[in-house]
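# Commentary on secondary and tertiary structure
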Amino acid sequence: RKFRGKTMMMVLLSLVHISNAAEVPLSGRGHATNPVWSTDGKRLAYEINDYAGQIDLYTIEMAGESPQGSSNLVKLNIATSSFGGPTGVVAGDPIWHPQQKGMLFFEASYTGSKTRIYMTRLSSPPRQLIEEATVGGDLSWGTLTPDGNSLLFTSDISGGGDIYKFEIRGQHLVQLTSSDDSEMAPQMHPDGRLTYSHKNSGGEDIYILSGGNSQLIAGGDGDQTRPVWVEDEVVYFSNEQGGETWDIRKVNSEGQMKRLAAEIRLPFRSSPSISSDKKWVAYGSVNPEKSDKIWFSRVDGTKTVFYETGLVAC
């Protein structure tokens, strides 16, 4: 298939558990990407890109690594006309609530609309979480705080993009960053510190916001992007080597950096994949000799292992 000028293969979703693998039955036609587990491991959300600009969001019930039944399309609850439903729908970046079972947040837009953040309990139609009267513009990079009480996101209403915190139950909004450049990919530590990426002269750097003060912790050439907290360190993607060569690195608040993996396959949309015990990061490789494996490196940098999938371009 031709996609953004490149020849690509059909992308499938496969699940691996030690020595077992199962393919997720897909509904619809296109590339399947960005699989996200619910916290209890009983549901999986993923996106399907139809090659023509539309992205649909699906969920499926899971029993271990075994899909249960067919996938369910997450449909926007938008008024339709005699000409049919909304066109040009883009729905993705799913976020499962850590405590509320079945509660799913996601970004979505359709022809003529802004990108907004929606919420659904799967048993009810999605609703827009934050009204445009509260904060306008395109909303993106949504993520939940560790306690699940608030949503972090970026709005471009003031220009490049600023980070906000929205209390879900109390509907209270706080703006956390403000600059002429874009701040993206916010992630909050349980102690309240915020890490995020910041556009700077064409590149992207990693910052930590604490007590109202922002501190640069990872900069340099290229992009340092999509940070995630792992205990008191930040794991992120870096292409400081140039071109399309991506690494996974970690950095602490003092700016001490260590590379965990090189020549990784950058995911379409997701951040580094960290195991639930915070000890491993999982990734694929762009090296043709390694691209049939899923790789796991310890975050402390002491060990790397792999799983043979029998597939290509994992």
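Summarised in this report is the structure supplied together with it. (Residues numbered from 1 in each chain as written. Predicted model: local features only at pLDDT ≥ 70, side-chain atom pairs only at ≥ 80, totals over all residues. Heavy atoms only, no water.)

## Description of unusual backbone geometry
- Even without a glycine there, the phi angle at Trp141 is positive, about 55°.
- For Trp141, the position within the fold is in strand S13 (residues 139–144).
- Of note in this structure, Glu231 is not a glycine but carries a positive phi near 55°.
- With respect to the helices and strands, Glu231 occurs in the loop between strand S21 (224–230) and strand S22 (233–238). (Helix = DSSP H or I, 4+ residues; strand = E, 2+ residues; numbered from the N terminus.)

## Side note on the sheet that holds strand S24 (residues 257–261)
- In space, the four strands of this open sheet follow the order S21-S22-S23-S24, with antiparallel pairing throughout. Two strands lie at the open edges of the sheet, namely S21 and S24, each paired on one side alone. If you compare each strand with its neighbour and ignore which way they point, the axes differ by 30° on average.
- Where S21 and S22 come together, five bridges link them in antiparallel fashion. Among the inter-strand pairings, Val230 is bridged to a residue of S22, identified as Glu233. (Pairing = 2+ DSSP bridges. Axes fitted to C-alpha atoms, helices over the stretch in contact; angles between N-to-C directions.)

## Quick look at the nonpolar core
- Counting residues in each nonpolar core, the largest one holds 15 residues, and the members touching the most others are Phe105, Leu129, Ile130, Leu151 and Phe153.
- Taken together, the elements giving at least two residues each to this core come down to strand S11 (116–120), S13, strand S14 (150–155) and strand S15 (162–167).
- Ranked by size, the runner-up nonpolar core spans 13 residues in total, among them Val235, Phe237, Leu260 and Val281. (Core = buried A, V, L, I, M, F, W, Y, C linked by side-chain atoms within 4.5 Å. Buried < 20%, exposed > 50% of the residue type's maximum accessible area, 1.4 Å probe, protein only.)

## As for the side chain of Asn252
- For Asn252, the location among the structural elements is in the loop between strand S23 (247–251) and S24.
- For Asn252, a relative accessible area of 12% corresponds to the buried category.
- A polar atom in the side chain of Asn252 sits 3.0 Å from the backbone nitrogen of Glu254. (Polar contact = N/O pair within 3.5 Å; in protein donor to acceptor, adjacent residues only side chain to side chain.)

## Focus on the sheet that holds strand S27 (residues 293–298)
- The antiparallel open sheet is built from four strands, whose spatial order is S25-S26-S27-S28. Looking along the sheet, the strands with just one partner apiece sit at the ends: strand S25 (273–274) and strand S28 (304–308).
- Sheet analysis places S27 next to S28, joined by five bridges and oriented antiparallel. Across the sheet, Ser297 pairs through a bridge with Thr304, a residue of S28.

## Observations concerning the packing of aromatic side chains
- Counting across every chain of the model gives five aromatic pairs.
- Judged by centre distance (5.8 Å) and plane angle (15°), the rings of Tyr46 and Tyr58 are stacked. With Tyr46 in strand S6 (residues 43–49) and Tyr58 in strand S7 (residues 55–63), the pair connects residues that are twelve residues apart, well separated along the chain.
- Judged by its relative accessible area of 8%, Tyr58 is buried.
- Aromatic pair Phe106 and Tyr118: ring centres 5.7 Å apart, planes at 15°, arrangement stacked. Residue Phe106 is found in strand S10 (residues 104–109), and its partner Tyr118 is found in strand S11; the two are separated by twelve residues along the sequence. The same class applies to Phe106 as to Tyr118, namely buried.
- One residue, Lys290, lies across the ring of Trp295, its end atom 5.6 Å from the ring centre. (Phe/Tyr/Trp six-rings, centres within 6.5 Å; stacked < 30°, edge-to-face > 60°. Lys NZ or Arg CZ within 6 Å of the ring centre and 35° of its normal.)

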